[in-house]
Amino acid sequence: MNFSRLFPNSTASESIEPIVRQYGDLLFDLCQSVLWSSREAQHAFRSLLKGLQRSRGARGFQDYERACILRFACDQLRGRDARHPRRRSASEQLELDSALGVPQRLGRFEGYFQRLPLEDQLLLLLRDKYGISFAEIAVILGTPEGSLKVRRQQALRALEDWIWGIRS
Amino acid sequence: MNCFDWQNRASDYLDGALPTPQREEADEHLSQCQDCLDRYRHYRILVDTLSSQPRSSLPVPIRRAPMSAPLPRRGISFLRGLQWSRLPWHLRTPLEGLALLSVVFSVISAAPRIREFYQRRLARDPGGLDPSFEDFTLTGSEHVLTSPPSPVAGTSSAEAEAFPHSTIKAPGQIMGGDESAGPLDDDSAPDGPDKTRAAAPEIRVGDSEIWRFILKTDNPAEMRGHIVRLLTDLGVPPSTVREAGIEVPGGIEFDLIVPQGIIPDIKRKLQGLAPPAPREFAKTPASETFTWYKSKSRTPVPKHRSRLVIWISQI
């Protein structure tokens, strides 16, 4: 029987405090970037911590701690997206595409970024926003490095087509 | 290096992770290919935009108490995002089944009401009778006339002239040559005293009606001949179906469609043809040798016509 759930101040709950202290901002920002709203990000962050609390147990992640935590976070976000896919409405899509000039479209970069599939969003966030290496991202996302590089180039090309227009 | 090769290495080129020989080839290609050069610039802008995006920090309440801090309520936005397809299958399937069953039960329960509504619509046909008078058996009493008077539809002087009346003298008729009056002192006349002098205006003939006349006689075959002559004199074409009457178990039946205008004359003439009741049955229910009633036809009857059924039975 797991008594840690009956006593919130037990050792199990204390084990996630280092995670919150060290990676809390990173995880919360990742959740908010993918889920679009702070409210949903807080709920996702709480469920992520619960999952980490259950999976970590008495022994923490010794090696590749950040990679394992981010991998767990990405799995949670994938499951959340599968259950509640968040997509822009048709009117929002039209508003995005109705921007006349490139500067206006760059100003709506977030909207175009959220058009990308979840895997591409996670890849670009981990690589370009958080500066994580491809080797670590390969562990996080469970994809080979070569595939990650190709996918990154494809995601950037899709964003380029939306913002600068499709060229032959 | 061509454009395809450059694009395959674009990610490493952006990060500066290409080996020197390949980097020099990529630089040379960019100096020659404007498209790839533009693409590289666009990629650089995108990467810079991503890296320069502000990072959200963890809210202070959650940082202090990650597991116990109150979270903002999802509220209306959660409800807006609620979609039927998002519900788990063990909730969705029973609800869909219940909805389907409720639809089936509502259709089954509504079917009798729809039929009743349809029947009422049929009963409200122009010139139609009140459906409460359907198959209402009378013996020529006033009750028929107390119903909501339905105008005699389709009766016109032209039609009346097409079927001229003629004098018929039936055997056993007590009264004289005045065919407008029925038997004067005949107790067997089923009509009340008011009906002995029944004339055409006293009865109203409407659309989709069946007029039944029942005669009892000791010689049905002879009465059959009188009725055939009666109908012929009233202008019913000989080609009319069943004009000559058919023999059925229990008697002889005439069943034909005739113009509405001749119904009163037929009634009057048949009333005159009706024989008196035998003495032994006087003042008993069996003394009625002539009865008539009308009802609403469930089958369609041509406009301005009525169905005429004359039944001759053996006393």
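Participant: Explanation requested: the overall build of chain A in the structure shown.
Facilitator: Scanning chain A from N- to C-terminus turns up 10 helices and 0 strands. The proportion of buried residues among the 168 residues of chain A is 47%. A fraction of 61% describes how many contacts in chain A between residues 6 or more apart in sequence connect residues 24 or more apart. Split by element, the accessible area of chain A, about 8,500 Å² in all, is 51% carbon and sulfur.

Participant: I would appreciate a short explanation of the pairing of strand E3 (residues 251-259) of chain B in the present structure.
Facilitator: Strand residues, when the strand is regular, have side chains that alternate between the two faces of the sheet. Residues and elements named next belong to chain B. Most of E3 is tucked away, with 7 of its 9 residues classed as buried. Here strand E2 (residues 246-248) runs beside E3; their pairing, made up of 3 bridges, is antiparallel. By the bridge assignment for E3, valine 248 is matched with glycine 251. Connecting E2 to the next strand, E3, in antiparallel fashion are 2 residues, including glycine 250 with a positive phi near 105°. When E3 meets strand E5 (residues 305-314), the two strands line up antiparallel, connected through 9 bridges. Its bridge partner being in E5, glutamate 253 is matched across the sheet by tryptophan 311.

Participant: Help me understand the interface of chain B and chain A in this model?
Facilitator: It is common to report an interface's size as the accessible area lost on association of the parts. With 37 residues of chain B in contact, the opposing surface of chain A contributes 39 residues. Around 3,900 Å² of area is buried between chain B and chain A when both sides are counted, 55% of it from carbon and sulfur atoms. Residue Glu160(A) pairs with Arg39(B) through a salt bridge whose shortest N-O separation is 3.0 Å. Breaking the side of chain B that touches chain A down by element, the ones donating at least two residues are helix H2 (10-15), helix H4 (34-51) and helix H5 (60-64) of chain B. Ranked by residues supplied to the side of chain B that touches chain A, first place goes to H4(B) with 11 residues.

Participant: Looking at this structure, I do not really get a nonpolar patch on the surface. What am I missing?
Facilitator: On the surface, Trp84(B), Leu95(B), Leu98(B), Leu100(B), Leu101(B), Val104(B), Phe105(B) and Ile108(B) cluster together into a nonpolar patch covering about 830 Å² of accessible area. With respect to the helices and strands, Leu95(B) occurs in helix H7 (residues 89-123).

Participant: What should I look at first to understand the nonpolar core in this one?
Facilitator: Across soluble globular proteins, nonpolar side chains show a tendency to be buried alongside one another. Residue and element names in this part refer to chain A. By size, the foremost hydrophobic cluster in this structure holds 64 residues, and its most contacted members are Leu27, Leu30, Leu126 and Leu141. Per element, the largest residue contribution to this core is 10 residues, and it comes from helix H2 (residues 17-35). Those residues in contact with leucine 126 that lie beyond four places of it in its chain are Leu70, Cys74, Gly131, Ile132, Ile137, Ile140 and Leu141.

Participant: In this structure, what is going on with the pairing of strand E4 (residues 290-296) of chain B? I would like to understand it.
Facilitator: Residues and elements named next belong to chain B. Burial runs high along E4: 7 of the 7 residues are buried. Where burial is concerned, the two faces of E4 agree: the one with Phe290, Trp292, Lys294 and Lys296 and the one with Thr291, Tyr293 and Ser295 are both buried. Note that strand E1 (residues 209-217) and E4 share 7 bridges and pair antiparallel. In the sheet register, isoleucine 214 faces E4, and the bridge partner there is threonine 291.

Participant: I would appreciate a short explanation of the sheet that holds E4(B) in the present structure.
Facilitator: Adjacent strands of a sheet form backbone hydrogen bonds with each other and so pair up, either parallel or antiparallel. All names here are of chain B. One open sheet holds the 5 strands; their spatial order is E2-E3-E5-E1-E4, and the pairing between them is mixed. Both edges of this open sheet fall to E2 and E4, since each of them pairs with a single strand only. Geometrically, the sheet is characterised by an average inter-axis angle of 25° between neighbouring strands, direction not taken into account. Relative to E1, helix H11 (residues 263-273) is tilted by about 10°, and along the sheet it contacts E1, E3, E4 and E5.

Participant: Just to check I follow, could you spell out the confidence of the model for chain B for this structure?
Facilitator: Note: predicted coordinates in regions of low pLDDT should not be interpreted at a detailed level. All names here are of chain B. Predicted confidence across chain B gives a mean pLDDT of 74, with 67% of residues reaching 70 or more. Of all the helices and strands in chain B, helix H8 (residues 143-146) carries the lowest mean pLDDT, 40, while H4 carries the highest, 92. Taken together, the stretch residues 126-200 has pLDDT below 50 and engages in 132 contacts with residues farther than four places along the chain or on a different chain. For this predicted complex, the interface confidence reaches an ipTM of 0.82, while the overall pTM sits at 0.48.

Participant: Please clarify how a negative patch on the surface should be interpreted in this entry.
Facilitator: Residue and element names in this part refer to chain B. Taken together, the side chains of Glu24, Glu25, Asp27 and Glu28 present a region of like negative charge at the surface. By the secondary structure assignment, aspartate 27 is in helix H3 (residues 20-32). Exposure remark for aspartate 27: the relative accessible area of 32% places this residue in the partly exposed category.

Thresholds, definitions, all that
- Residues numbered from 1 in each chain as written.
- Chains lettered and ligands numbered in written order.
- Predicted model: local features only at pLDDT ≥ 70, side-chain atom pairs only at ≥ 80, totals over all residues.
- Heavy atoms only, no water.
- Helix = DSSP H or I, 4+ residues; strand = E, 2+ residues; numbered from the N terminus.
- Buried < 20%, exposed > 50% of the residue type's maximum accessible area, 1.4 Å probe, protein only.
- Contact = heavy atoms within 4.5 Å.
- Areas by Shrake-Rupley, 256 points an atom, 1.4 Å probe, with all protein chains shown as cover.
- Pairing = 2+ DSSP bridges.
- Buried area = accessible area lost by both parts, 1.4 Å probe.
- Salt bridge = Lys/Arg side-chain N within 4 Å of Asp/Glu carboxyl O.
- Patch = residues over 30% accessible without salt bridge, like charges linked within 9 Å, V, L, I, M, F, W, Y side chains within 5 Å.
- Core = buried A, V, L, I, M, F, W, Y, C linked by side-chain atoms within 4.5 Å.
- Axes fitted to C-alpha atoms, helices over the stretch in contact; angles between N-to-C directions.
- pLDDT = per-residue confidence, 0-100.
- Lys, Arg positive; Asp, Glu negative; His and termini not counted.
- Charge placed at Lys NZ, Arg CZ, Asp CG, Glu CD.

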